[in-house]
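Coordinate inspection notes
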Amino acid sequence: MALDDTAHRRSGSTPHGPPGPEPATGGATWRRMRLWGAAHAVDDFYQGLVPAVVPYFALDRGYDYVAVGGLAMAATVGSAVPQPFVGLAVDRWRLGGTAAVGVALAGVGLGAAGLVDSYAAVWLLVLLSGLGVAMFHPAAGRSAREAAGGSTTATSVFAAGGSVGFFLAPVLATPVLAAWGVRSTVLFVPPALLTGWVLLRHRQRQRTAAPVGPAVPAGPDRWPPFLVLTGVEVARSVVFFGVSTFLELHWLRDLHASHTLAGAALAGFLGGGVAGTLLGGRIADRIGTVAAVRLGTALVLPALAGLCLAPGGVVPLLFAVLTGAALNVPFAVMVKLGQDYLPGRPGTAAGVTLGLGVSAGGLAGPLLGAVAQAHGPQGVLASLCAVPPLGLLLAYALVEPGAAGAARLGPRGVA
């Protein structure tokens, strides 16, 4: 029994309930978390800029729904596919500088996409931007985990930075794009270059600085539950990218609303995501990480159904916010849970949970585009309602990291 208790204490849980609140971290740790959260916001701004800008490619360049879906796929191929391999390299060689180079490349690629006329050139530049995202997440995720010291709440600051970036993209880009068209994407390049420079300076300082924050609990890598978690992430990603890519078009084409109201819908969806990300960390501290993942996944279907079926241009705004919040309640939790399943490979875990798992939904872009071509954007939202039940089914196959470790000990605490 003593060994059982010891295993639970090491995992951050108790024998009779979910993990308790993580210990408070120092001021230096929170400063580092704010830095990585801000950098994550800038990096994911360019991911959020893709769904914000594709309606203007459709309107200004005459792209059809399949071409629009192809741009979402380009961003996904560039970001999702390479990230696990970048994560492996970061874990092996600690390539911390890739975060700085990555965020700069993400901004330059997407910023230049609006300046070219050829669809092939636009597609390749969006792909290049996605590659920059792939370079950022594994190194940033590893550094953020070291700064957070295993705290779910601290991890949510880093994860929420990405949600903030997605939220700010339509808020800042929509009025600029509406006024000057897709060529104005070049105006959003400077933040990426500045952030890359700041991260390089930070890395130089950290080379001579002592570690900050408590040690992160170590243990064996647990691939089976991590792969199940990846499946939950992919299901979430399909819904997230389907909604974020076609939401504005749903307001414009199906609800016959104005550009302003369509932009407000996307901003509300992404703003709900920010709140959901921060709320998810708090929920996980109270009920456990796996329970928080299940709760958020279960709430997606009713919110998405309301978004699809609610009439008018204003009433569905509430469901847009609720859908974004429900989708993001598990976000930060899954980032930490993935690194807890693979404590020896935090960069790889971040590359999958922040990269492949989050972005893989874009691979469904052409399929969703074909659905929109046949049934309109509302048909896409309706078809997405079939995805959350699959994610919830997988979520019920997850186990708490501490429980997975204790399960390998016998009832008397021996192997």
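Definitions and cut-offs
Residues numbered from 1 in each chain as written. Predicted model: local features only at pLDDT ≥ 70, side-chain atom pairs only at ≥ 80, totals over all residues. Heavy atoms only, no water. Salt bridge = Lys/Arg side-chain N within 4 Å of Asp/Glu carboxyl O. Helix = DSSP H or I, 4+ residues; strand = E, 2+ residues; numbered from the N terminus. Buried < 20%, exposed > 50% of the residue type's maximum accessible area, 1.4 Å probe, protein only. pLDDT = per-residue confidence, 0-100. Contact = heavy atoms within 4.5 Å. Axes fitted to C-alpha atoms, helices over the stretch in contact; angles between N-to-C directions. Parallel < 35°, antiparallel > 145°, perpendicular 65-115°, else oblique. Left-handed = near helix turned anticlockwise from the far one by under 90°. Nonpolar A, V, L, I, M, F, W, Y, C, P; charged D, E, K, R; others polar. Phe/Tyr/Trp six-rings, centres within 6.5 Å; stacked < 30°, edge-to-face > 60°. Lys NZ or Arg CZ within 6 Å of the ring centre and 35° of its normal.

Some thoughts on the pattern of salt bridges
In this structure the tally under the stated criterion is five salt bridges. Between Asp340 and Lys336 there is a salt bridge, with the nearest N and O atoms lying 2.7 Å from each other. With Asp340 and Lys336 both in helix α13 (residues 331–341) and four residues apart, this pair spans about one turn of that helix. Like Lys336, Asp340 is buried. Here the salt bridges do not stand alone but share partners, grouping Arg145, Lys336 and Asp340 into one network.

Concerning the confidence of the model for the protein chain
Overall, the prediction assigns the protein chain a mean pLDDT of 83, with 85% of residues at 70 or greater. Ranking the elements of the protein chain by mean pLDDT puts helix α1 (residues 2–11) last with 39 and helix α16 (residues 388–395) first with 97. Within the model, pLDDT remains below 50 along residues 1–25, and this stretch shows 36 contacts once partners closer than five positions in the same chain are excluded. Across residues 404–415 the pLDDT falls below 50, and counting only partners more than four positions away or on other chains, this stretch makes 19 contacts in the model.

Remarks on unusual backbone geometry
A positive phi is found at His256, a non-glycine position, where the angle reads about 55°. Here His256 is to be found in the loop between α9 (223–254) and α10 (259–287).

A look at the packing of helix α11 (residues 289–309) against α16
Two elements in contact, α11 and α16, have axes separated by 9 Å at closest approach and are oriented at 165°. By the angle between their directions, the pair α11 and α16 is classed as roughly antiparallel. The hand of the α11/α16 crossing is left-handed. Between α11 and α16, the contacting residues are Val290, Val293, Arg294, Thr297, Ala298, Val300 and Leu301 on the first element and Pro388, Pro389, Gly391, Leu392 and Ala395 on the second.

Structural notes on the packing of helix α4 (residues 83–93) against helix α6 (residues 119–148)
Relative to each other, α4 and α6 sit at 40°, their axes nearing to 8 Å. It follows that α4 is oblique to α6 by the angle criterion. Once α4 is placed against α6, the crossing between them reads as right-handed. Where α4 approaches α6, its residues Gln83, Val86, Gly87, Val90 and Asp91 are matched on the opposing element by Val133, Ala134, Met135, His137, Pro138, Ala139 and Arg142. Of the residues belonging to the contact of α4 with α6, the class tally is seven nonpolar, three polar and two charged.

Focus: the packing of aromatic side chains
Across all of its chains, the model carries eight aromatic pairs by this definition. Centre to centre, the rings of Phe240 and Phe241 are 5.8 Å apart; their planes meet at 70°, and the pair counts as edge-to-face. In this structure Phe240 comes out as buried when scored by relative accessible area, which is 6%. A residue is classified by how much of its surface remains accessible, and Phe241, at 8% relative accessible area, is buried. Against the face of Phe240 rests Arg236, its NZ or CZ located 5.3 Å from the ring centre.

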